[in-house]
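Listed below, chain by chain, are the residues.
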Amino acid sequence: MIHQILDKIYKIELPIPFPLATMNVYFIDDSPRTLVDVGIKTQASLETLKKGLETIGYGLNSIEQILITHGHIDHYGLAKSLSSLSGAPIYIHPTEYGRIRSIIHSLGFIKSILLRNGAPEALVNEAIRYMESAQIMADPLDEAFFLNDGDSILFKSMAWKTILCPGHSPGMLCFYWPEKKILFTGDHLLKKITPNPVLTVNGSKPPFRYPSLKEYLTSLEKIEKMDISLLLPAHG
Ligand SMILES: [Zn+2]
Ligand SMILES: [Zn+2]
């Protein structure tokens with residue numbers, strides 16, 4: 001399903017096999033033609049994206065730039081396939097790039113943190129198995145370009161700025177269009193729910209654990225001070 005939000009901005013709702021059921025990617029019909037997040041790597045998601053773009057006269061190979069808000073599979077899963085198909089470069093925060101590449105190696109840490117905090121072993125094993133199996137719904141990234149806090153993203157007729165909002169994920173980027181006061185929030189702000197403070201392994205010394213909730217609250221304060229008229233979230 002595709003909805004026009006503004007003159008050059010379209011929202012495409014893609015199916016995901018999680019309780020949230022859908023995620024939103026945003027297609028920017030400017031130069032370069034850009035996709036903000038890409039959806040999970042399933043046939044259903046790819047087909048829906050393709051149909052959405054066809055409705056406005058484009059194909060998957062029309063995409064010229066891919067911006068990823070953060071490294072969760074529903075947000076970057078299709079990035080590599082779309083990039084090989086269209087030649088579009090992928091942009092992401094370096095922390096998220098590193099997380100994606102090391103996710104399988106971090107499962108042991110996650111398991112030990114859960115067990116140490118009293119989670120039942122059978123449940124922990126099930127969760128870890130699930131996280132392992134979910135990786136088939138995303139291709140790890142190879143070549144990508146890095147975006148940091150405060151970077152400019154220039155289009156022919158607009159200029160955006162990246163806003164680093166760590167919390168749900170340590171390198172979560174929101175994209176701000178000051179002229180229209182629009183913020184693409186990824187999973188930082190959602191319509192009806194708050195995002196999970198996801199257990200993330202971080203750093204090279206103990207406790208190896210990223211303080212998700214504390215960071216999330218700080219990032220909320222950052223957003224609260226901004227001049228925003230429209231939030232465009234990745235779910236809802
Ligand atoms: Zn997420
Ligand atoms: Zn998400």
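Note that this is a predicted model, so its numbers are computed, not measured.

Basis of the calculations
Residues numbered from 1 in each chain as written. Chains lettered and ligands numbered in written order. Predicted model: local features only at pLDDT ≥ 70, side-chain atom pairs only at ≥ 80, totals over all residues. Heavy atoms only, no water. Donors = N, O, S within 2.8 Å, 3.2 Å for Na, K, Ca; no water. Tetrahedral: all angles 85-135°; square planar, octahedral: opposite > 155°, others 65-115°. Helix = DSSP H or I, 4+ residues; strand = E, 2+ residues; numbered from the N terminus. Buried < 20%, exposed > 50% of the residue type's maximum accessible area, 1.4 Å probe, protein only. Pairing = 2+ DSSP bridges. Contact = heavy atoms within 4.5 Å. Axes fitted to C-alpha atoms, helices over the stretch in contact; angles between N-to-C directions. Polar contact = N/O pair within 3.5 Å; in protein donor to acceptor, adjacent residues only side chain to side chain. Arc of directions from axis to C-beta. Phe/Tyr/Trp six-rings, centres within 6.5 Å; stacked < 30°, edge-to-face > 60°.

### As for the coordination of the zinc ion (ligand 2)
By definition of the ideal shapes, four donors in a tetrahedron about a metal sit 109.5 degrees apart, and six donors in an octahedron sit 90 or 180 degrees apart.
So, point 1. Looking at the zinc ion (ligand 2), one finds its protein donor set to be Asp74 (OD), His75 (NE2), Asp187 (OD) and His235 (NE2), positioned 2.1 to 2.6 Å from the metal centre.
So, point 2. Relative to the metal, the four donor atoms surrounding the zinc ion (ligand 2) lie at angles of 86 to 156 degrees, and the coordination shape comes out irregular.
So, point 3. Mapped onto the sequence, the donors of the zinc ion (ligand 2) take the spacing D-H-x111-D-x47-H.
So, point 4. The distance between the zinc ion (ligand 2) and the zinc ion (ligand 1) is 3.6 Å, with Asp187 acting as a donor to both metals. With a gap of 112 residues between them, His75 in helix 2 (residues 73–76) and Asp187 in the loop between strand 11 (182–186) and helix 6 (212–224) connect regions that are remote in the sequence.
So, point 5. You can call Asp187 buried: its relative accessible area is 5%.

### Digging into the sheet that holds strand 4 (residues 34–36)
So, point 1. Pairing in this open sheet of seven strands is mixed, and the strands run 1-2-3-4-5-6-7 from one edge to the other. In this open sheet, the two edge strands, each paired with only one partner strand, are strand 1 (2–6) and strand 7 (145–146).
So, point 2. As paired strands, strand 4 and strand 5 (residues 65–67) are joined by three bridges and run parallel to one another. Bridge pairing in strand 5 links Thr34 to Gln65.
So, point 3. Packing of helix 4 (residues 94–116) onto the sheet brings it into contact with strand 6 (90–92) and strand 7, and relative to strand 6 it is tilted by some 105 degrees.

### Focus: the coordination of the zinc ion (ligand 1)
So, point 1. Here the zinc ion (ligand 1) is held by His70 (NE2), His72 (ND1), His168 (NE2) and Asp187 (OD), and the distances to it run 2.1 to 2.3 Å.
So, point 2. If you look at the zinc ion (ligand 1), its four donor atoms make angles of 92 to 172 degrees with each other, and the shape they trace is irregular.
So, point 3. Taken in chain order, the donor set of the zinc ion (ligand 1) reads H-x1-H-x95-H-x18-D.

### Some points on the environment of His70
So, point 1. One can find His70 in the loop between strand 5 and helix 2.
So, point 2. Residues in contact with His70, not counting those within four places in the same chain, are Asp37, His75, Glu96, His168, Ser169, Met172 and Asp187.
So, point 3. A polar atom in the side chain of His70 sits 3.4 Å from the side chain of His168.

### Let's talk about helix 3 (residues 79–86)
So, point 1. Along helix 3, the residues classified as buried are Ala79, Leu82, Ser83 and Ser86. The buried residues of helix 3 occupy one face: seen down the axis, they fall within an arc of 100 degrees. Facing away from the buried surface of helix 3 by more than 90 degrees, the exposed residues are Ser84 and Leu85.
So, point 2. In the stretch just after helix 3, Gly87 is the one whose phi turns positive, near 80 degrees.

### Side note on unusual backbone geometry
So, point 1. The omega torsion across Ser31 and Pro32 is -5 degrees, close enough to zero to call that bond cis.
So, point 2. Here Asp37, not a glycine, exhibits a phi torsion of approximately 65 degrees, which is positive.
So, point 3. Within the secondary structure, Asp37 sits in the loop between strand 4 and helix 1 (43–55).
So, point 4. Owing to a relative accessible area of 1%, Asp37 belongs among the buried residues under this scheme.
So, point 5. Within the chain, Lys181 stands out as a residue other than glycine whose phi angle is a positive 55 degrees.

### What about the sheet that holds strand 10 (residues 173–177)?
So, point 1. Pairing is mixed across the open sheet formed by five strands, whose spatial order is 8-9-10-11-12. Both outer strands of the open sheet, strand 8 (152–154) and strand 12 (230–233), are each paired with one neighbouring strand and no more. Averaged over all pairs of adjacent strands, the angle between strand axes in this sheet comes to 25 degrees, irrespective of strand direction.
So, point 2. Inspection of the sheet shows strand 8 paired to strand 9 (residues 159–164) by three bridges, in the antiparallel sense. Residue Ile153 lies in a different strand from strand 9, and its bridge partner there is Trp160.

### Re the environment of Gly59
So, point 1. Within the secondary structure layout, Gly59 lies in the loop between helix 1 and strand 5.
So, point 2. The partly exposed category is assigned to Gly59, whose relative accessible area is 22%.
So, point 3. When the C-alpha positions of Gly59 and Leu85 are compared, they lie 10 Å apart, and in sequence the two are 26 residues distant.

### What about the packing of aromatic side chains?
So, point 1. Summed over the entire model, instances satisfying the criterion amount to seven aromatic pairs.
So, point 2. Joined through ring pairs, the aromatic side chains of Tyr26, Phe155, Trp160, Phe175 and Phe184 make up one cluster.

### A closer look at the side chain of Asp139
So, point 1. Within the secondary structure, Asp139 sits in the loop between helix 5 (121–134) and strand 7.
So, point 2. Exposure remark for Asp139: the relative accessible area of 18% places this residue in the buried category.

Read these as layout, nothing more, since geometry by itself doesn't imply function.
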